[in-house]
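Read off the chains here:
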Amino acid sequence: MKRRIEMATLQGSYLFPEIEKRKNAYLVNYPEAPLISLGVGDTTEPLPTLVAEAMGEYARGLGARESYSGYGPVEGWISLREAIADRLYQGRVAPDEIFISDGAKCDLGRLGLLFGQEARVAVQDPAYPAYVDASVIMGQGGTFNGRGYSRMRYLSCTPENGFFPDLEGADDIDVAIICSPNNPTGAVLKREELERLVSWARQRRVTIVYDAAYAAYIADPDLPRSIYEIGGAHEVAIEVGSFSKLAGFTGVRLGWTVVPDRLRYEDGRSVQADWRRPISAYLNGPSNIAQAGGLASLREGWGELQEGIAFYRENALILRRRLVELGVKVYGGSNAPFVWAHFPGRNSWELFDQLLSKAHLVTTPGAGFGPAGEGFVRLSAFSSRERIEEAAGRLAALFEA
Ligand code: PGU
């Protein structure tokens, strides 16, 4: 068969398998190396007991005639949509505006189907690499020019601009994918910043895809957890959420997308009505076992869930504090599970190699998230406390030496 030009345009391999490859290559030479992974953001701690039990019970029920169930509603269980609207959005969005999915990443990819190949998509630089890969696969990328894709727009987020996306010269954007708390920088948009972004989108008729996968990590009550806390956002924004880092569901797979009723095309038609088509064609609703777990997470498991989030948050603070003590410039880590460490002038893949070989720490090189990530490494807080303490000790040994 003939290869799609879009596939040929993709550069290298997807970031996280590339890191896995480098880690495994290192292990071939040093099989005894006691590696600690602060690389891919993947949860490590057991699920809340009540959540695991709810899923076990649901799965057992599938083995009995009376309680068996097959395909569910394409938009997910109404009970779960109500629980999300209530618990996570305090009624700012209606259950009918929420579509349950098999994970945020899956929906972020499928959302491209709404916008089409012609859409000009902007991402933050640096950004979660799935946004760019999915856009290029969809055909929105154009050609690769050595630094980025010709049809994509990159909104630079650096310490100099306080990690607020640079909107200068971004005149021809149709869709802006914005992530807060941000992966990888750990920056969280303040209320007034989010207001500025929403008003820019309204003026320029830009649709914001707001990835709030790490919203639960916001501890500061003054920081917005959802774009719908901002007036006027319902007319311009789609928000994506995830149970992955909220409830430890990275392997269970459950997320959601909010498509507000008030989000309309230029001709006044409903975007929400259209969204049903791709998910009907591609999804058939998420797993019912996962939904049982999601529901338990927002009900009886809620207390335990908060402890889990607080645990990873403390991990982030431990890493952050240690790096600060060592005189390393760090960002993030206080309302986000990622620490973004700055080593000005250094090559981030070299830093990755140094951390791997000298401290046996697997990290993520900043350049993997975009050109503005050069000179940075991302440390993930998703690990056991013992490993985080050990990693903090190894960072000290490396950088004090
Ligand atoms: N959105 C953001 C901003 C993410 O960082 C991640 C996971 C997801 C969505 C995925 O959510 P799901 O609901 O689990 O689909 N990012 C991790 C994992 C790596 C990856 O490729 O997904 C990370 O380390 O960046």
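Residues numbered from 1 in each chain as written. Predicted model: local features only at pLDDT ≥ 70, side-chain atom pairs only at ≥ 80, totals over all residues. Heavy atoms only, no water.

Moving on to the sheet that holds strand E10 (residues 338-342). Spatially, the four strands line up as an open sheet ordered E9-E10-E13-E12, and their pairing is antiparallel. Two strands bound the open sheet, and with one partner strand each, they are strand E9 (329-332) and strand E12 (364-365). Looking at chain direction, E12 and strand E13 (residues 376-380) are connected through two bridges and run antiparallel. Each residue of the ladder has a partner; that of Pro365, found in E13, is Val377. (Pairing = 2+ DSSP bridges. Helix = DSSP H or I, 4+ residues; strand = E, 2+ residues; numbered from the N terminus.)

As a further point, take the site of the ligand. Neighbouring the ligand are 19 residues; Gly41, Tyr128, Tyr214, Ser242 and Ser244 lie closest to it. At 2.7 Å from a nitrogen atom of the ligand is found a side-chain nitrogen or oxygen belonging to Asp211. In the environment of the ligand, an oxygen atom lies 2.5 Å from a nitrogen or oxygen atom belonging to the side chain of Tyr214. For the ligand, the accessible surface in isolation is 550 Å², of which the surrounding protein chains cover 93%. For the shell around the ligand, the secondary structure elements donating two or more residues are helix H5 (104-115) and helix H8 (244-247). Residues of the shell around the ligand, tallied by class, amount to nine nonpolar, five polar and five charged. Residue assignment places the shell around the ligand across two domains, with domain 1 (5-46 + 303-400) and domain 2 (52-298) each supplying three or more. (Near = heavy atom within 4 Å. Polar contact = N/O pair within 3.5 Å; in protein donor to acceptor, adjacent residues only side chain to side chain. Areas by Shrake-Rupley, 256 points an atom, 1.4 Å probe, with all protein chains shown as cover. Nonpolar A, V, L, I, M, F, W, Y, C, P; charged D, E, K, R; others polar. Domains from an automatic or database assignment.)

Time to look at the nonpolar core. Leu80, Ile84, Leu197, Ile227, Phe243 and Trp256 are the most contacted members of the largest nonpolar core, which totals 59 residues. Inspection of this core shows a minimum of three residues originating in each of domain 1 (5-46 + 303-400) and domain 2 (52-298). Every residue in contact with Leu197, bar those within four places of it in the chain, is listed here: Phe164, Pro165, Leu167, Ile178, Leu189 and Ile208. Core analysis: the next-biggest nonpolar cluster, separate from the first, contains 28 residues, Ala119, Val132, Val209 and Val259 among them. (Core = buried A, V, L, I, M, F, W, Y, C linked by side-chain atoms within 4.5 Å. Buried < 20%, exposed > 50% of the residue type's maximum accessible area, 1.4 Å probe, protein only. Contact = heavy atoms within 4.5 Å.)

Turning to the domain arrangement of the chain, a few remarks are in order. Each assigned domain of the chain is listed with its residue range as follows: domain 1 (5-46 + 303-400) and domain 2 (52-298). Relative to domain 2, the C-alpha centre of domain 1 lies at a distance of 24 Å. In this assembly, 33 residues from domain 1 lie in contact with 42 residues from domain 2. Buried area between domain 1 and domain 2, both sides added, is near 3,000 Å², and the carbon and sulfur share of it is 65%. A per-residue breakdown of the area domain 1 buries against domain 2 is headed by Tyr14, Leu305 and Asn335, which together make up 21% of the total. Our count for the contact surface shared by domain 1 and domain 2 stands at zero salt bridges. For the pair domain 1 and domain 2, the interface holds 12 residue pairs in polar contact (both at pLDDT 80 or more). Counting residues per element, the ones that place at least two in the side of domain 1 that touches domain 2 are helix H1 (5-9), helix H2 (15-29), helix H11 (302-325), E9, E10 and E13. Of all the elements, H11 adds the most residues to the side of domain 1 that touches domain 2, at four residues. Along the lines of polarity and charge, the residues of the side of domain 1 that touches domain 2 split into 18 nonpolar, 11 polar and four charged. (Buried area = accessible area lost by both parts, 1.4 Å probe. Salt bridge = Lys/Arg side-chain N within 4 Å of Asp/Glu carboxyl O.)

As a further point, take the pattern of salt bridges. Throughout the structure, instances matching the rule amount to 20 salt bridges. The salt bridge partner of Arg204 is Asp171, with a shortest N-O separation of 2.8 Å. Taken together, the positions of Arg204 in helix H7 (residues 191-204) and Asp171 in the loop between strand E4 (153-156) and strand E5 (175-179) put the pair 33 residues apart, joining distant regions of the chain. Relative accessible area serves as the criterion here: at 57%, Asp171 is assigned to the exposed category.

Let us now look at unusual backbone geometry. Looking along the chain, the bond that leaves Ser180 and enters Pro181 is cis, with omega of -10 degrees. Within the element layout of this structure, Pro181 appears in the loop between E5 and H7. Its identity is not glycine, yet Phe163 carries a phi of approximately 65 degrees, on the positive side. Within the fold, Phe163 resides in the loop between E4 and E5. Residue classification places Phe163 among the buried positions, given a relative accessible area of 9%.

Time to look at empty space enclosed by the protein. Enumeration over the complete set of coordinates arrives at one cavity of 30 Å³ or more. Taken as a whole, the largest cavity encloses approximately 120 Å³ of empty space. Considering the residues around the largest cavity, the lining is formed by 14 residues, among which Leu108, Gly112, Ser135, Gln140 and Ile177 are closest to the centre. The set of elements that each furnish at least two residues to the lining of the largest cavity consists of H5, helix H6 (129-138) and E5. Ranked by residue count, the leading element in the lining of the largest cavity is H5, at five residues. (1 Å grid on protein atoms, 1.4 Å probe; cavity = no way out; pocket = protein on both sides within 12 Å on 5 of 7 lines; lining within 4 Å. Points joined across faces, edges and corners; volume = space filled by probe spheres on them.)

Let's shift gears to the packing of aromatic side chains. Taken as a whole and judged by the stated rule, the model has 20 aromatic pairs. Between the aromatic rings of Phe243 and Trp256, the centroid separation amounts to 5.4 Å while the plane-to-plane angle is 75 degrees, which identifies the pairing as edge-to-face. Of the two residues, Phe243 sits in the loop between strand E7 (237-242) and H8 while Trp256 sits in strand E8 (residues 255-258), which places them 13 residues apart along the sequence. The exposure class assigned to Phe243 is buried, which follows from its relative accessible area of 0%. (Phe/Tyr/Trp six-rings, centres within 6.5 Å; stacked < 30°, edge-to-face > 60°.)

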